[in-house]
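# Structural overview
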Amino acid sequence: MTKQSNTLLKRALELSSREKAQIIEALLASLDHPDERIDAIWANESDARIDAYEKGQISSRTAESVLAKFSRS
């Protein structure tokens, strides 16, 4: 990091938790550059998965079962 960014970080670490969260949110939002093409691809994928589920072609799993798989690692 540059000297300027180190100084900024030190000052940010002195802020309240709420202020830090607000800054983090703003910084993350500044990195998000929506891409309509990618959004459309994900929307189509989502629709296809819902249709497959409703037709009984795929099944669902509980969040607990999915998370349990990763907690064993």
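As the structure is a computational prediction, the values presented were derived from the model and not from experiment.

## A short note on the overall build of the protein chain
When its secondary structure is counted, the protein chain shows four helices and zero strands. Along its sequence from the N terminus, the protein chain presents helices and strands in the succession α-α-α-α. The C-alpha atoms of the protein chain give a radius of gyration of 21 Å, which is well past the 11 Å a tight globule of 73 residues would have. Dimensions of the protein chain along its principal axes, counting C-alpha atoms only, are 55 × 35 × 25 Å. Relative to its 73 residues, the protein chain shows a buried fraction of 1%. Within the structure as shown, the protein chain displays about 7,100 Å² of accessible surface, and the carbon and sulfur contribution to it stands at 57%.

## Some thoughts on the pattern of salt bridges
The tally for this structure, following the rule as stated, stands at one salt bridge. A salt bridge links arginine 49 to glutamate 45; its shortest N-O distance comes to 2.7 Å. Of this pair, arginine 49 and glutamate 45 both sit in helix 3 (residues 36-54), separated by four residues, roughly a single helical turn.

## Brief notes about the environment of phenylalanine 70
With respect to the helices and strands, the residue phenylalanine 70 is situated in helix 4 (residues 63-71). Its relative accessible area of 55% is what places phenylalanine 70 among the exposed residues.

## Some details on a nonpolar patch on the surface
Taken together, the side chains of Met1, Leu9 and Leu13 make up a nonpolar region of the molecular surface, amounting to roughly 340 Å² of accessible area. Here methionine 1 is to be found in the segment before helix 1 (3-13).

## Some points on the environment of alanine 63
Within the secondary structure layout, alanine 63 lies in helix 4. Considering only alpha carbons, one finds alanine 63 and glutamate 36, 27 residues apart in sequence, at a separation of 29 Å.

The rules behind the values
- Every residue gets a number counted from 1 within its own chain, in the order that chain's sequence is written.
- Where totals are concerned, whole chains, interfaces and linings use all residues; where local detail is concerned, this predicted model gives features only for residues with pLDDT of at least 70, and gives and counts side-chain atom pairs only at 80 or more.
- Calculation of side-chain values draws on the structure's entire complement of heavy atoms; hydrogens and water are dropped beforehand.
- Helix and strand definitions here come from DSSP, where helices need a minimum of 4 consecutive H or I residues and strands a minimum of 2 consecutive E residues; each element is numbered from the N-terminal end.
- When we talk radius of gyration, it's over C-alpha atoms, and the globule rule is simply 2.2 Å times the number of residues to the 0.38.
- Each residue is placed in one exposure class: buried if its accessible area under a 1.4 Å probe, protein chains only, is under 20% of its type's maximum, exposed if it is over 50%, and partly exposed if it falls in between.
- A 1.4 Å probe and the Shrake-Rupley method give the accessible areas. Residues count as covered only by the protein chains that appear here.
- Basic side-chain nitrogens of Lys or Arg form a salt bridge, by our definition, when they fall within 4 Å of a carboxyl oxygen of Asp or Glu.
- Each patch is assembled from residues with relative accessible area greater than 30% and no salt bridge, linking like charges that lie within 9 Å and nonpolar side chains (Val, Leu, Ile, Met, Phe, Trp, Tyr) that lie within 5 Å.

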